[in-house]
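# Secondary and tertiary structure notes
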Amino acid sequence: MIDIIRADITTLDVDAIVNAANSSLAGGGGVDGAIHRAAGPELAQAATRLAPCPTGDAVITPGFRLAARFVIHAVGPVWHGGTHGEAALLRRAYERSFALAAGEGSIASIAFPAISTGVYGYPKRDAAEIALEVMRAHEVRFDRVVACLFDEESVRIYQELQSGE
Ligand code: APR
């Protein structure tokens, strides 16, 4: 079962948290800013060495001062109306995050924010459908998969999709 919660992802005690990053991996606003603030300056030092990260791809670094041992920096697509391959790129960002988590070998719990649905403008419901599809496809290999949302509307959308409404 995928845990749908409303929380600040930087506070979660899971093995890995996923960051909604940009290709420079240098930090930014939104959840990216929150994660870099909580992890400390070593996070940008470690991540920028792996930059640029193409849209739809992800990289993994230690979590430094975070409770989470790892941060998976995923770069979601900017929404341009839906005819620029956005859905495939968002799906790939989730898939690549799971692949890195599985490859690391010791990650049993992982939390995702609603990638691309903030600054990048991806419609929340369309993004949630993709996120939950990919999470369902991979959750069997993890003890805990968390959809960590930050607003009531997103929680409601995920819960409706989870219950098949
Ligand atoms: N914990 C969990 N979710 C959060 C947090 C937080 N602390 N802060 C924000 N969010 C939510 C937002 O409310 C939104 O639902 O994360 C989701 C993703 O929004 P953004 O952080 O704006 O990410 P995104 O839309 O993918 O845009 C990425 O924004 O911050 C920059 O550097 C980042 O250029 C990149 C772009």
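## So, the layout of surface pockets
Its volume calculated, the largest pocket comes out at about 610 Å³. Counting residues per element, the ones that place at least two in the lining of the largest pocket are strand 2 (16–21), helix 1 (30–39) and strand 6 (144–149).

## As for the side chain of Ser 154
Along the chain, the position of Ser 154 falls in helix 5 (residues 152–162). You can call Ser 154 buried: its relative accessible area is 4%. With near-sequence residues (within four places) excluded, Ser 154 lies in contact with Lys 124 and Leu 149.

## Side note on the side chain of His 73
Tracing the chain through its elements places His 73 in strand 4 (residues 70–75). Within the structure, His 73 has its side chain in polar contact with the side chain of Thr 61 (distance 3.0 Å). His 73 has contacts with Asn 19, Ala 21, Leu 25, His 36, Leu 43, Ala 47, Cys 53, Asp 57, Ala 58, Val 59 and Thr 61, leaving out every residue within four places of it along the chain.

## Things to note about helix 1
Within helix 1 the residues assigned to the buried category are Asp 32, Gly 33, Ala 34, Ile 35, His 36 and Ala 39. For helix 1, the elements touching its buried residues are strand 2, helix 2 (41–48) and strand 4. Downstream of helix 1 by a residue or two, Gly 40 has a phi angle that is positive, lying close to 95°.

The rules behind the values
- Along each chain, the written sequence defines residue order, and numbers are assigned to residues from 1.
- Note on the predicted model: pLDDT of at least 70 is required for a residue's local features to be given, and 80 or more for side-chain atom pairs to be given and counted; whole-chain, interface and lining totals, by contrast, use all residues.
- Values reported for side chains reflect all heavy atoms of the structure, with hydrogen atoms and water molecules removed beforehand.
- In this analysis the probe radius is 1.4 Å and the grid spacing 1 Å, with only protein atoms considered; a cavity is a set of points the probe fits into but cannot get out of, a pocket is an open set with protein on both sides within 12 Å along at least five of seven lines, and lining residues have an atom within 4 Å of a point.
- Grid points are joined across faces, edges and corners, and a volume is the space filled by probe spheres set on the points.
- In this description a helix means any DSSP run of H or I spanning at least four residues, a strand means any run of E spanning at least two, and both kinds are numbered starting from the N terminus.
- Think of it in three bands: residues with accessible area under 20% of the maximum for their type are buried, residues over 50% are exposed, and the middle band is partly exposed, with areas taken using a 1.4 Å probe on protein chains only.
- Contact criterion: two residues are considered in contact whenever any of their non-hydrogen atoms come within 4.5 Å of each other.
- Polar contacts, as counted here, are pairs of nitrogen or oxygen atoms within 3.5 Å of one another; within protein the pair requires one atom able to donate a hydrogen and one able to accept it, and residues that are adjacent in sequence qualify only if both atoms are side-chain atoms.

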